[in-house]
Amino acid sequence: MDWRYTTPPAGQPVPYQPVAPAIPTRLLPPAAALPAEYQTAVPAGRPFNIPPTISEPVTAALVGAVIGGANNFGRNLVHVRQGKMTVSQALGRGVMHGAATSLATTIATLLTADVRQSHALHLSALAITAGGLSYLIEAGLNKAVNRKAATV
């Protein structure tokens, strides 16, 4: 897009306007003319980049996997820099932790779905439930990893 001077009407300052030559423009139809499937509103409190057609448990699974895995991978990079772990081990543990966090967040979302008295109460119940489930899953995974390392 070029920024060029345009010729202003007499007595007005020169405005800058973006000019894109040879690109036809058309006006968008008013909102009432759009089909019904494009007129749905995104519920309040949803992350903006997740489509409104995805259910709450699936959204919780996606967000839990991304946040949990990225957090664990970031913590493991300290061990990589110290030489205690390879990058592939850090990535594998990050994926494993992301899956565990995803599972815990999804189950906690399903278990706390009826707690709707207040947002603070629902968030507290979700955090406590997801934290407890994440602890149980991680304890089981660590026990399995230690058992496997002992047999090798």
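Each remark here, short or long, concerns the structure printed above.
Thresholds, definitions, all that
Residues numbered from 1 in each chain as written. Predicted model: local features only at pLDDT ≥ 70, side-chain atom pairs only at ≥ 80, totals over all residues. Heavy atoms only, no water. Helix = DSSP H or I, 4+ residues; strand = E, 2+ residues; numbered from the N terminus. Expected span 1.5 Å × (residues − 1). Buried < 20%, exposed > 50% of the residue type's maximum accessible area, 1.4 Å probe, protein only. 1 Å grid on protein atoms, 1.4 Å probe; cavity = no way out; pocket = protein on both sides within 12 Å on 5 of 7 lines; lining within 4 Å. Points joined across faces, edges and corners; volume = space filled by probe spheres on them. Nonpolar A, V, L, I, M, F, W, Y, C, P; charged D, E, K, R; others polar. Axes fitted to C-alpha atoms, helices over the stretch in contact; angles between N-to-C directions. Parallel < 35°, antiparallel > 145°, perpendicular 65-115°, else oblique. Left-handed = near helix turned anticlockwise from the far one by under 90°. Contact = heavy atoms within 4.5 Å.

Student: How would you summarise helix H2 (residues 87-111) if you had to cite specific residues and measurements?
Tutor: The first and last C-alpha atoms of H2 sit 36 Å apart over 25 residues, in line with the 36 Å expected at 1.5 Å per residue. For H2, every residue scored as buried is listed here: Ala90, Gly94, His97, Gly98, Ala100, Thr101, Ser102, Ala104, Thr105, Thr106, Ala108 and Thr109.

Student: Quick rundown of the layout of surface pockets? Include the residues and the values.
Tutor: Space inside the second largest pocket adds up to approximately 220 Å³. Lining the second largest pocket are Asn72, Arg75, Asn76, His79, Met85, Arg93, Met96, His97, Glu138, Asn142, Val145 and Asn146. For the lining of the second largest pocket, the secondary structure elements donating two or more residues are helix H1 (56-82), H2 and helix H3 (119-151). Class assignment for the residues of the lining of the second largest pocket results in three nonpolar, six polar and three charged.

Student: Provide a residue-level description of the packing of H1 against H2, including the pertinent values.
Tutor: One way to put it is that H1 packs onto H2 with a least axis distance of 6 Å and a crossing angle of 150°. When the axis of H1 is compared with that of H2, the two are roughly antiparallel. Relative to H2, the crossing made by H1 is right-handed. Its residues assigned to classes, the contact of H1 with H2 comprises 10 nonpolar, 13 polar and three charged.

Student: Break down the packing of H2 against H3 for me, citing the residues and quoting the values.
Tutor: Look at H2 against H3: their axes get within 8 Å of each other, and the N-to-C directions meet at 140°. Classified by the angle between their axes, H2 and H3 sit oblique to one another. The crossing of H2 and H3 is right-handed. Of the residues in H3, those in contact with Met96, His97, Ala100, Leu103, Ala104, Thr105, Ile107, Ala108, Thr109 and Leu111 of H2 are Leu126, Thr129, Ala130, Leu133, Ser134, Ile137, Glu138 and Leu141. In terms of residue class, the contact of H2 with H3 is built from 12 nonpolar, five polar and one charged.

Everything listed is a geometric property; what it means functionally is a separate question.
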